[in-house]
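Listed here are the chains, written in short residue letters.
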Amino acid sequence: LLDKIRPRNPAINLTGGEPLLYPGIVPVLRRVRDLAFRPVLLSTNGLLLERVAPELGTVDHVIISLDSLHPDANDAMTGVPGSTSRIVRAIGLAAKLSREHGFALSVHAVISPETIGGMEALVHFCGEVGATFAASPEHGRVAPSPRLTANPKYRALIDRLAALEREGAPIICS
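Residues numbered from 1 in each chain as written. Predicted model: local features only at pLDDT ≥ 70, side-chain atom pairs only at ≥ 80, totals over all residues. Heavy atoms only, no water.

Enquirer: Hey, could you run me through the sheet that holds strand β4 (residues 104-111) in this one?
Expert: In a beta sheet, neighbouring strands are held together by backbone hydrogen bonds and run either parallel or antiparallel to one another. Strand order in the open sheet made by the five strands is β1-β2-β3-β4-β5, with parallel pairing throughout. Pairing within the sheet leaves two strands with one partner each, and these edge strands are β1 (12-14) and β5 (132-137). Neighbouring strand axes in the sheet, compared pairwise and without regard to direction, differ in orientation by 20° on average. Both β4 and β5 contribute to a ladder of six bridges, which runs parallel. (Pairing = 2+ DSSP bridges. Helix = DSSP H or I, 4+ residues; strand = E, 2+ residues; numbered from the N terminus. Axes fitted to C-alpha atoms, helices over the stretch in contact; angles between N-to-C directions.)

Enquirer: Whenever I open this one, helix α5 (residues 83-101) confuses me. Can you help?
Expert: With 19 residues, α5 should reach 27 Å at 1.5 Å per residue; the first-to-last C-alpha distance of 26 Å fits that figure. Turning to α5, its buried residues number three or more, namely S83, T84, I87, A90, I91, A94, A95, L97 and S98. In the core, the buried residues of α5 are packed alongside α3 (49-52), β3 (61-65), α4 (71-78), β4 and α6 (119-129). G102 sits one or two positions beyond α5 and adopts a positive phi of about 85°. (Expected span 1.5 Å × (residues − 1). Buried < 20%, exposed > 50% of the residue type's maximum accessible area, 1.4 Å probe, protein only. Contact = heavy atoms within 4.5 Å.)

Enquirer: Just checking my understanding: could you explain the side chain of N74 for this structure?
Expert: Mapped onto the elements, N74 comes out in helix α4. Of the polar contacts made by the side chain of N74, one reaches the backbone nitrogen of S68; its length is 3.4 Å. Apart from the residues within four sequence positions on either side, N74 is in contact with L66, D67, S68, S83, T84 and I87. (Polar contact = N/O pair within 3.5 Å; in protein donor to acceptor, adjacent residues only side chain to side chain.)

Enquirer: Just to check I follow, could you spell out the nonpolar core for this structure?
Expert: Grouped burial of nonpolar side chains is what soluble globular proteins tend to show. Judged by nonpolar contacts, the single largest core of 49 residues is most densely connected at L56, I91, I111 and F133. Those residues within four positions of L56 in sequence are excluded, and the remaining contacts are L42, L49, V62, L97 and F103. (Core = buried A, V, L, I, M, F, W, Y, C linked by side-chain atoms within 4.5 Å.)

Enquirer: What's the story with unusual backbone geometry in this structure? I'm lost.
Expert: Residues other than glycine predominantly adopt negative phi, and peptide bonds predominantly adopt the trans conformation. R38 connects to P39 through a cis peptide bond whose omega is -5°. If you trace the backbone, P39 turns up in the loop between α2 (25-34) and β2 (40-44). For A36, which is not a glycine, the phi torsion comes out positive at approximately 60°. Since its relative accessible area comes to 44%, A36 is described here as partly exposed.

Enquirer: It is not clear to me how the packing of α4 against α5 should be interpreted in this structure. Could you clarify?
Expert: To describe two helices that pack against each other, one gives the angle between their axes and the distance between the axes. Two numbers describe how α4 lies on α5: the axes approach to 8 Å, and their chain directions differ by 95°. Taken together, the axes of α4 and α5 are roughly perpendicular relative to one another. Residues P71, N74, D75 and T78 of α4 touch α5, and the partners they reach there are S83, T84 and I87. Residue composition of the contact of α4 with α5, grouped by class: two nonpolar, four polar and one charged. (Parallel < 35°, antiparallel > 145°, perpendicular 65-115°, else oblique. Nonpolar A, V, L, I, M, F, W, Y, C, P; charged D, E, K, R; others polar.)

Spelled out as structure tokens, the structure:
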């Protein structure tokens, strides 16, 4: 499939679900490199990042999902007890490897009523580890969830994120 799509597709985003669950992900990453896709994005929840750590030099941008640094909120969002600390460790590993290999690192968060209160801390965490921060709202079918749009805390968060970005915080694509 990669050979077939490459002539008309210079870029590739390996995403899912969770692409690192695919047993053949390492050969896929190597084939992506051999076919000179650029840019190569890898979007993951980070829980299996160690499995592909030696191959991360083949990607241009790693995007790791983390909705909150607060385990109660984030573990509820992922549905995986204990996932928050594992994802934070994976981000630390990715940050180290990004400095060694030169790929970009981003943390992507979904803003929900349960995660609003922790977004600013997540922005600061990204700055500390050298990652950029991107967020998107929890959505209904085609627009932000009414649980957000009717929530004054959501509007205040958006204003605060815009202010942080103007102040130089590493916020992108939000």
